[in-house]
Amino acid sequence: MKKILLIIFTVAIFAIGSIFGYKKILSIEKENKIIQLFNKDSLENFSKNKNEMLEKLKTLNKEEADKLYEQYLESNNTILENLNIEHDKLLSGGIYNNEDTSENFTDEEWKIANKFLNKYDLELWYLARGTCIIKEVPDFYYKTFKDYVTDDYKEYLKITSKENEEHYVADSGLCITLEELGDRIVTWENFLEKYPNSKLNDKVNNICNSYRRDYILGVPGGIYDYKESAEEYNRFIKKYPDSPTTELLGYYLEEVNLDKPEDNDSEALSKMIDEYIEKYFYLGNLENRKKGNLFSEQTNTLLKEFNKNKIYPVLGKINENKIEGYYLLPFFREEITLFTSDKIIHKKVKFSSRNETLLSESEKELYNYLLDLFKEEIPEEFFEVRNKK
């Protein structure tokens with residue numbers, strides 16, 4: 001009897017082991033089937049590009065590391081664009097949210113694909129309308145560059161890393177709450193105020209303005225409720241009274257009809273908000289320069305000198321000069337137009353072959369003063385070319 005029980009127990013163990021072994025084989029086969037959907041050589045190329053960049057990054061100072069980040073971002077975008085084109089049939093063929101559910105990845109298959117792609121710091125990301133893309137993992141640039149770049153770049157990458165963790169918009173509109181979007185706006189406004197001289201500020205200001213438009217006007221595909229939105233705007237105004245966006249929200253709330261939302265002309269409101277943003281929310285707007293999205297601190301100091309009438313005597317000399325009008329002078333490489341209260345003067349500054357000026361002394365004094373005043377806003381390349389003999 002004992003022998004019979006032992007035999008039965010042994011057979012049962014063997015059967016269970018066989019079942020688990022078979023399931024393991026099926027699991028490996030499924031994993032391999034999914035992995036084979038991706039071109040491993042192209043993924044290796046992405047990793048190789050990163051490793052080569054890292055070797056160079058370790059030898060640079062912080063400012064040089066900032067520049068390398070920009071270069072690497074551009075080259076990576078090209079690599080990823082080609083990677084997505086190469087996998088277009090897979091990514092746009094309905095592996096996610098497809099009407100033919102038989103073509104969709106199951107949750108398990110999606111995890112298998114991302115586990116494989118994560119080895120290359122990549123992941124599948126649902127874009128919209130059944131289309132997916134292959135992109136970097138959310139913290140890719142932050143974890144790669146955080147120990148090498150300047151403080152402003154480090155903070156920029158940290159903020160974007162956090163934002164990239166979740167979808168912003170999808171088929172049904174905004175994926176985060178209006179409150180979260182409002183807080184994002186303030187985060188970037190604080191960045192602009194904290195780092196007034198950052199080379200990232202053009203990019204950051206564009207992010208801010210894009211968020212402001214979506215915050216107030218909504219996003220395509222989304223359902224917009226005027227009254228609920230107004231409640232959020234009032235929360236924002238109360239919480240962030242010093243935010244530049246608070247003025248914009250106040251302006252909007254004066255114009256929108258909350259009592260009869262159906263009477264609102266969304267096109268007219270959209271145009272109004274766009275015009276306001278274009279007028280007040282650009283880098284260099286003097287009227288708002290104390291609010292964070294503005295000139296550098298150095299330039300603001302120079303503007304104070306301007307307000308002390310330092311430059312007015314120079315303008316007086318130019319106005320007293322009897323020469324005026326537009327001068328067409330071909331074969332010169334640098335030209336300026338001076339607008340004063342009495343005249344408009346257009347002149348070429350230098351000969352193309354020698355460093356000889358055509359400006360009067362007072363005009364030259366004003367021109368050099370303005371170059372110094374706005375040197376933080378003028379691309380470095382301008383001065384490099386200008387100083388070449």
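Residues numbered from 1 in each chain as written. Predicted model: local features only at pLDDT ≥ 70, side-chain atom pairs only at ≥ 80, totals over all residues. Heavy atoms only, no water.

### Topic: helix α15 (residues 361-373)
What counts, and what does not: Helix and strand assignments come from DSSP, with helices taken as H or I runs of at least 4 residues and strands as E runs of at least 2, each series counted from the N terminus. Take the number of residues in a helix, subtract one, and multiply by 1.5 Å to get its expected span. Remark: exposure states derive from per-residue accessible area (1.4 Å probe, protein chains only) relative to the maximum for the residue type, with buried under 20%, exposed over 50%, and partly exposed in between.
Its 13 residues give α15 an end-to-end C-alpha distance of 18 Å, which sits within 8% of 18 Å, the value for a rise of 1.5 Å per residue. Within α15 the residues assigned to the buried category are Ser-362, Glu-363, Leu-366, Tyr-367, Tyr-369, Leu-371 and Leu-373.

### As for helix α3 (residues 62-86)
As a reminder, the rule being used: Two N or O atoms count as a polar contact when they lie within 3.5 Å, although within protein this holds only if one can serve as hydrogen donor and the other as acceptor, and sequence-adjacent residues are included solely when both atoms are side-chain atoms.
Compared with the 36 Å implied by 1.5 Å per residue over 25 residues, the 35 Å span of α3 between its first and last C-alpha is a close match. Sitting at the head of α3, Asn-61 places a side-chain oxygen 3.2 Å from the backbone nitrogen of Glu-63.

### What about the packing of helix α7 (residues 151-163) against helix α8 (residues 178-194)?
Heads up, the condition is: The angle between two axes is taken between their N-to-C directions and runs from 0 to 180 degrees, where each axis is a line fitted to C-alpha atoms and a helix contributes only its stretch in contact. Here the angle decides the label: under 35 degrees means roughly parallel, over 145 means roughly antiparallel, 65 to 115 means roughly perpendicular, and every other value means oblique. Only heavy atoms enter the contact rule, under which two residues are in contact if any of them lie within 4.5 Å. Only Asp, Glu, Lys and Arg are considered charged, only Ala, Val, Leu, Ile, Met, Phe, Trp, Tyr, Cys and Pro nonpolar, and every remaining residue, Gly among them, polar.
Taken N-terminus to C-terminus, the directions of α7 and α8 make an angle of 175°; their axes are 11 Å apart at the nearest point. Viewed along their axes, α7 and α8 adopt a mutual orientation that is roughly antiparallel. Residue-level contacts link Asp-152, Glu-155, Tyr-156, Ile-159, Thr-160 and Glu-163 of α7 to Arg-184, Thr-187, Trp-188, Phe-191 and Lys-194 of α8. Of the residues in the contact of α7 with α8, the class split is four nonpolar, two polar and five charged.

### Things to note about the packing of aromatic side chains
Using the following cut-off: Any two of the Phe, Tyr and Trp rings considered here, Trp counted by its six-membered ring, make a pair once their centres fall within 6.5 Å; the pair's planes then place it as stacked at under 30 degrees, edge-to-face at over 60, or tilted in between. Only Lys NZ and Arg CZ are tested; either one counts as a charge over a ring when it is within 6 Å of the ring centre and within 35 degrees of the ring normal.
Scanning all chains against the criterion turns up 20 aromatic pairs. Taking 6.1 Å as the distance between ring centres and 40° as the angle between the ring planes, the aromatic pair formed by Phe-38 and Phe-116 counts as tilted. Linking Phe-38 in the loop between α1 (2-35) and α2 (40-57) with Phe-116 in helix α5 (residues 107-118), this pair joins segments that are 78 residues apart in sequence. For the pair formed by Phe-38 and Phe-116, the shared burial category is buried. With 5.9 Å between their ring centres and 50° between their planes, Tyr-72 and Phe-145 make a pair best called tilted. In this pair, Tyr-72 sits in helix α3 while Phe-145 sits in helix α6 (residues 140-145), placing the two residues 73 residues apart along the sequence. Accessibility classification places Tyr-72 together with Phe-145 in one group, the buried group. Among the aromatic residues, those joined into a cluster by ring pairs are Phe-46, Tyr-69, Tyr-72, Phe-140, Tyr-141, Phe-145 and Tyr-153. For the cation-ring pair, Lys-135 lies above Trp-125, with the distance from its terminal atom to the ring centre recorded as 4.6 Å.

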